[in-house]
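Spelled out, the chains give:
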Amino acid sequence: AVGGTNFATKSVIGEESTWDCGGGGFSDTFARPSWQEDAVTNYISKATAAGVLPDQNLWNSTGRAYPDVSALGGQTNPYCVGIKGGSFGGVAGTSASCPVVAGIFAQLNDVRLKAGKSPLGWLNQLIYSAEAAACFNDVNDGSMNNCNKGTVGFAALDGWDPATGYGSINYSCMAGIINNF
């Protein structure tokens, strides 16, 4: 799953903050898989100690956690796209960040194919690996509340969190390690 971020400063490419209208949390349907157990348990411990978790009756502490990663999706700095007739407009939301992440992984597959390796396939165990964790731009500013102003959402903290996952992909770093998988 892919979450959304905003650039911390409008019109400045650089540090990212959590897009407050993004979705994230814990599934009521699917149990937490073993490959994300350490990351999620670490988040819950840190967030509990910091006193920043929503009331426990509002979320399932044993469910599959999401998002896994994020990309720019907020409306502060939307993607500029051409529209029929020659005009341009902004596109934002996780409907914009998901294709960005898919494109990055497609480029990483190209790196592997050029090295004579197979495509990546299922990505979650890669994303949650210790080696790949260093290849994300960690977003630890803000929280997401699904655009419900005045409500408490999940805070972005160091490492994986249910606001932005591991953060946005650092392509150069990931391309440097991708052939190890």
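Before reading on, note that the structure itself is shown above.
Let me begin by describing the structure that accompanies this report. (Residues numbered from 1 in each chain as written. Predicted model: local features only at pLDDT ≥ 70, side-chain atom pairs only at ≥ 80, totals over all residues. Heavy atoms only, no water.)

Comments concerning the overall build of the protein
This is how it is decided: Counting from the N terminus, the helices are the DSSP runs of H or I reaching at least four residues and the strands are the DSSP runs of E reaching at least two. Think of it in three bands: with a 1.4 Å probe and only protein chains considered, a residue is buried below 20% of the maximum accessible area for its type, exposed above 50%, and partly exposed in between. We get accessible surface area from the Shrake-Rupley algorithm with a probe of 1.4 Å; when it comes to residues, only the shown protein chains can shield them. Counted as positive: Lys and Arg. Counted as negative: Asp and Glu. His and the chain ends are not counted at all. Charge positions are represented by NZ for Lys, CZ for Arg, CG for Asp and CD for Glu.
A count of helical and extended segments in the protein gives 5 helices and 11 strands. On the principal axes, the C-alpha backbone points of the protein span a range of 45 × 45 × 30 Å. Sorting the 181 residues of the protein into buried and exposed places 43% on the buried side. Total accessible area on the protein is roughly 9100 Å²; 54% of this is exposed by carbon and sulfur atoms. In the protein, 9 side chains carry a positive charge and 14 a negative one; their mean positions are 10 Å apart.

Some details on the nonpolar core
Note the cut-off: Joining through side-chain atoms within 4.5 Å is the link that ties buried Ala, Val, Leu, Ile, Met, Phe, Trp, Tyr and Cys residues into a set, and such a set is a nonpolar core. Contacts are assigned to residue pairs with any non-hydrogen atoms lying within 4.5 Å of each other.
If you look at the biggest cluster of nonpolar residues, it comprises 35 residues, and the most contacted ones within it are Phe26, Tyr43, Phe105, Phe136, Trp160 and Met174. Those elements that place two or more of their residues in this core are helix H1 (37-50), strand E5 (69-72), helix H2 (94-114), helix H3 (124-127), strand E10 (154-155) and helix H5 (171-177). Apart from the residues within four sequence positions on either side, phenylalanine 105 is in contact with Leu120, Leu123, Leu126, Ile127 and Ile169.

As for the state of the cysteines
Rule in force here: Note on terminology: pairs of cysteine sulfur atoms within 2.5 Å are recorded as disulfides.
Throughout the structure, instances matching the rule amount to 1 disulfide. Residue cysteine 135 pairs covalently with cysteine 173 via a disulfide, S to S 2.1 Å. Residues cysteine 135 and cysteine 173 share a disulfide whose torsion about the S-S bond is about -60°; that sign makes it left-handed. Within this pair, whereas cysteine 135 is found in the loop between helix H4 (130-133) and strand E8 (136-137), its partner cysteine 173 is found in helix H5, the two being separated by 38 residues in sequence. Owing to a relative accessible area of 1%, cysteine 135 belongs among the buried residues under this scheme. Residue cysteine 173 is classed as partly exposed on the basis of its relative accessible area, which comes to 25%. Cysteine 21 supplies the cysteine sulfur nearest to cysteine 98, a cysteine that is in no disulfide, at a spacing of 15 Å.

Topic: the side chain of aspartate 68
Rule in force here: Polar contacts, as used here, are pairs of N or O atoms within 3.5 Å; protein pairs need one atom able to donate a hydrogen and one able to accept it. Residues neighboring in sequence count only if both atoms are side-chain atoms.
Tracing the chain through its elements places aspartate 68 in the loop between strand E4 (63-66) and E5. Within the structure, aspartate 68 has its side chain in polar contact with the side chain of arginine 64 (distance 2.8 Å). Reaching out from aspartate 68, the side chain makes a polar contact with the side chain of tyrosine 128 at a distance of 2.6 Å. Aside from chain neighbours lying at most four places away, what touches aspartate 68 is Ala1, Trp35, Gln36, Asn124, Ile127, Tyr128, Trp160, Gly165 and Tyr166.

Quick word on the packing of aromatic side chains
Rules: The rule is short: rings of Phe, Tyr and Trp, with Trp giving its six-membered ring, pair when the centres are within 6.5 Å, and they are stacked under 30 degrees, edge-to-face over 60, tilted in between.
On inspection of all chains with the given rule, the structure shows 9 aromatic pairs. Measuring from centroid to centroid gives 5.7 Å for tryptophan 59 and phenylalanine 154, while their planes differ by 85°, and the two rings are edge-to-face. Within this pair, whereas tryptophan 59 is found in the loop between H1 and E4, its partner phenylalanine 154 is found in strand E10, the two being separated by 95 residues in sequence. Just as tryptophan 59 is buried, phenylalanine 154 falls in that class too. Pairwise contacts between aromatic rings join Phe26, Tyr43, Trp59, Phe154 and Trp160 into one cluster.

Remarks on the pattern of salt bridges
Keep this limit in mind: Just to be clear on terms, a salt bridge is a Lys or Arg side-chain nitrogen sitting within 4 Å of an Asp or Glu carboxyl oxygen.
For the coordinates displayed, the defined rule picks out 3 salt bridges. Salt-bridge contacts for aspartate 68 lead to arginine 64; the nearest nitrogen and oxygen are separated by 2.8 Å. Of the two residues, aspartate 68 and arginine 64, neither departs from the other in class, the shared state being buried. One salt bridge in this structure joins aspartate 110 and lysine 114, with 3.2 Å as the shortest N-O distance. Placement of the pair is aspartate 110 and lysine 114 together in helix H2, with a separation of 4 residues, close to one helical turn.

Interpretation in functional terms is not warranted from these geometric data alone.
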